[in-house]
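# Descriptive analysis of the structure
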Amino acid sequence: MGTTDDTGAARPIGFWVKLVDGLIDQRFAAILDEHGVTHRQWQLLNVLESGPSPLARLDAALAGYLDSAAGETSAEHLTELVESAWVVRGDGDVYEITERGRVAHRRLQEVVAGIREEVTAGVSPAEYEATVAVLRTAATNLGWAG
């Protein structure tokens, strides 16, 4: 099974998933970079928007995105957010978003919403839901437990 590309070549689902994932990552990185943050910093701001968090919780929330084999943690991505006064570090390595950070986060939410609209342009809500359902089923079939 596969879908053909513009050249007529049959491409399996893995090709399309990797291609779209890479293109989304590139687009997010480019747009967020224009606004002075990395994708990981954006993710950290999202987690911190729900309340103060210890470093361990932040690491867990970003676990799928951090290179644990290389020793990467959320701490290195938080440094610039702290220096920018968007986040403060409290006792016990608990981090909290500041009012300045909340303002920046709201602005970034609008930017991210624009990217998401760009990605899904021409896709109906039903098509989107069906695509997500197929990918979730494939992930479950491959051992993902949620």
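Whatever comes next refers back to the structure up there.
Heads up: these notes are all about the structure in this document. Just so you know, these numbers come straight off a predicted model, no measurement behind them.

### Remarks on the nonpolar core
Generally speaking, nonpolar side chains in soluble globular proteins are found buried as a group. L78, W86 and V87 are the most contacted members of the largest nonpolar core, which has 24 residues in total. Only helix 1 (13–34), helix 2 (39–49), helix 3 (55–61), helix 4 (74–83), strand 5 (94–97) and helix 5 (99–120) provide two or more residues apiece to this core. With residues up to four places along the chain from it excluded, the contact list for V87 reads L45, L48, L78, L81, V82, Y95, E96, I97 and T98.

### Focus: a nonpolar patch on the surface
On the surface, I13, V17, V134 and L135 cluster together into a nonpolar patch covering about 320 Å² of accessible area. Looking at the nonpolar patch, the elements that each hand over two or more residues are helix 1 and helix 6 (125–141). Tracing the sequence through the fold places L135 in helix 6. Residue class for L135 comes out partly exposed when judged on its relative accessible area of 37%.

### So, the environment of F28
Inspection of the secondary structure assignment puts F28 in helix 1. Taking relative accessible area as the criterion, F28 reaches 7% and is therefore assigned buried. When the C-alpha positions of F28 and D67 are compared, they lie 19 Å apart, and in sequence the two are 39 residues distant. Setting aside chain neighbours within four positions, we find F28 in contact with D33, H39, V112, I115 and R116.

### Section: the pattern of salt bridges
A complete count under the given rule lists four salt bridges for this structure. In this structure, the salt-bridge partner of D93 is R89, at a minimum N-O distance of 2.2 Å. Accessibility expressed as a relative area gives 53% for R89, which makes it exposed.

### Describing the sheet that holds strand 5
Strand order in the open sheet formed by three strands is 3-5-4, and the pairing between neighbours is antiparallel. Lying at the two open borders of the sheet, with one neighbouring strand each, are strand 3 (53–54) and strand 4 (87–89). Summarising the sheet, strand 4 and strand 5 pair through three bridges and their orientation is antiparallel. Paired with V88 across the strands is E96, a residue of strand 5. The sheet contacts of helix 2 involve strand 3, strand 4 and strand 5, and relative to strand 5 the element is tilted by about 90°.

Conventions we followed
Residues numbered from 1 in each chain as written. Predicted model: local features only at pLDDT ≥ 70, side-chain atom pairs only at ≥ 80, totals over all residues. Heavy atoms only, no water. Core = buried A, V, L, I, M, F, W, Y, C linked by side-chain atoms within 4.5 Å. Buried < 20%, exposed > 50% of the residue type's maximum accessible area, 1.4 Å probe, protein only. Helix = DSSP H or I, 4+ residues; strand = E, 2+ residues; numbered from the N terminus. Contact = heavy atoms within 4.5 Å. Patch = residues over 30% accessible without salt bridge, like charges linked within 9 Å, V, L, I, M, F, W, Y side chains within 5 Å. Areas by Shrake-Rupley, 256 points an atom, 1.4 Å probe, with all protein chains shown as cover. Salt bridge = Lys/Arg side-chain N within 4 Å of Asp/Glu carboxyl O. Pairing = 2+ DSSP bridges. Axes fitted to C-alpha atoms, helices over the stretch in contact; angles between N-to-C directions.

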